Amino acid sequence: MNSSTGQPIQKMTFERMPKPWVTLHLANGEQVTADRVHVGKPAPGKFIAPVEVWVTPKG
């Protein structure tokens with residue numbers, strides 16, 4: 001999610017929970033640092049929880 005606009009940038013899959021200070025590379029090659037990580041509740045009967053990583057692109 002873009003911290004400035006609140007709009008999603010892209011979907012990613014993580015094997016482990018990302019740390020709040022993690023550095024990510026977007027599909028366009030831009031390097032961003034996470035501002036915050038929000039963990040949602042899993043759907044009923046599911047184990048996997050949705051995770052939103054909020055970043056601020058430099059552009």
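What you see is a predicted model; the values in this text were computed from it and never measured.

Visitor: Explain the overall build of the protein to me, using residue names and the numbers behind them.
Guide: Along the backbone of the protein there are zero helices and three strands. The linear arrangement of helices and strands in the protein, starting from the amino end, is β-β-β. Once the C-alpha set of the protein is aligned to its principal axes, its extents read approximately 40 × 20 × 20 Å. Put simply, the protein has 59 residues, and 15% of those count as buried.

Visitor: Account for the packing of aromatic side chains, with residues named and values stated.
Guide: The full count for this structure, using the stated rule, is zero aromatic pairs. Taking the ring centre of tryptophan 54 as reference, the NZ or CZ of arginine 36 above it sits at 4.1 Å.

Visitor: Break down the environment of methionine 12 for me, with residues and values.
Guide: Positionally, methionine 12 belongs in the segment before β1 (23–25). For methionine 12, a relative accessible area of 38% corresponds to the partly exposed category. The sequence separation of methionine 12 and valine 51 amounts to 39 residues, and the corresponding C-alpha distance is 9.6 Å.

Visitor: Give a description of the sheet that holds strand β3 (residues 51–55) that names residues and reports values.
Guide: As summarised here, the arrangement of the three strands in space is β1-β2-β3, forming an open sheet in which the pairing is antiparallel. Looking along the sheet, the strands with just one partner apiece sit at the ends: β1 and β3. This sheet shows a mean twist of 55° between the axes of neighbouring strands, independent of strand direction. Two strands pair when backbone bridges link them, and β1 and strand β2 (residues 31–39) are joined in this way by three bridges, in the antiparallel orientation. Bridge pairing links leucine 24 to valine 32 in β2.

Visitor: Got a sec to walk through the nonpolar core? Specific residues and values, please.
Guide: Counting residues in hydrophobic clusters, the biggest one holds six residues: Leu24, Leu26, Val32, Ala34, Val53 and Val55. Ignoring sequence-local partners within four residues, the contact set of valine 53 consists of Met1, Phe14, Pro18, Leu24, Ala34, Arg36 and Val37.

Here is what the cut-offs are and how they apply
Residues numbered from 1 in each chain as written. Predicted model: local features only at pLDDT ≥ 70, side-chain atom pairs only at ≥ 80, totals over all residues. Heavy atoms only, no water. Helix = DSSP H or I, 4+ residues; strand = E, 2+ residues; numbered from the N terminus. Buried < 20%, exposed > 50% of the residue type's maximum accessible area, 1.4 Å probe, protein only. Phe/Tyr/Trp six-rings, centres within 6.5 Å; stacked < 30°, edge-to-face > 60°. Lys NZ or Arg CZ within 6 Å of the ring centre and 35° of its normal. Pairing = 2+ DSSP bridges. Axes fitted to C-alpha atoms, helices over the stretch in contact; angles between N-to-C directions. Core = buried A, V, L, I, M, F, W, Y, C linked by side-chain atoms within 4.5 Å. Contact = heavy atoms within 4.5 Å.

The analysis is restricted to geometry; functional conclusions fall outside its scope.
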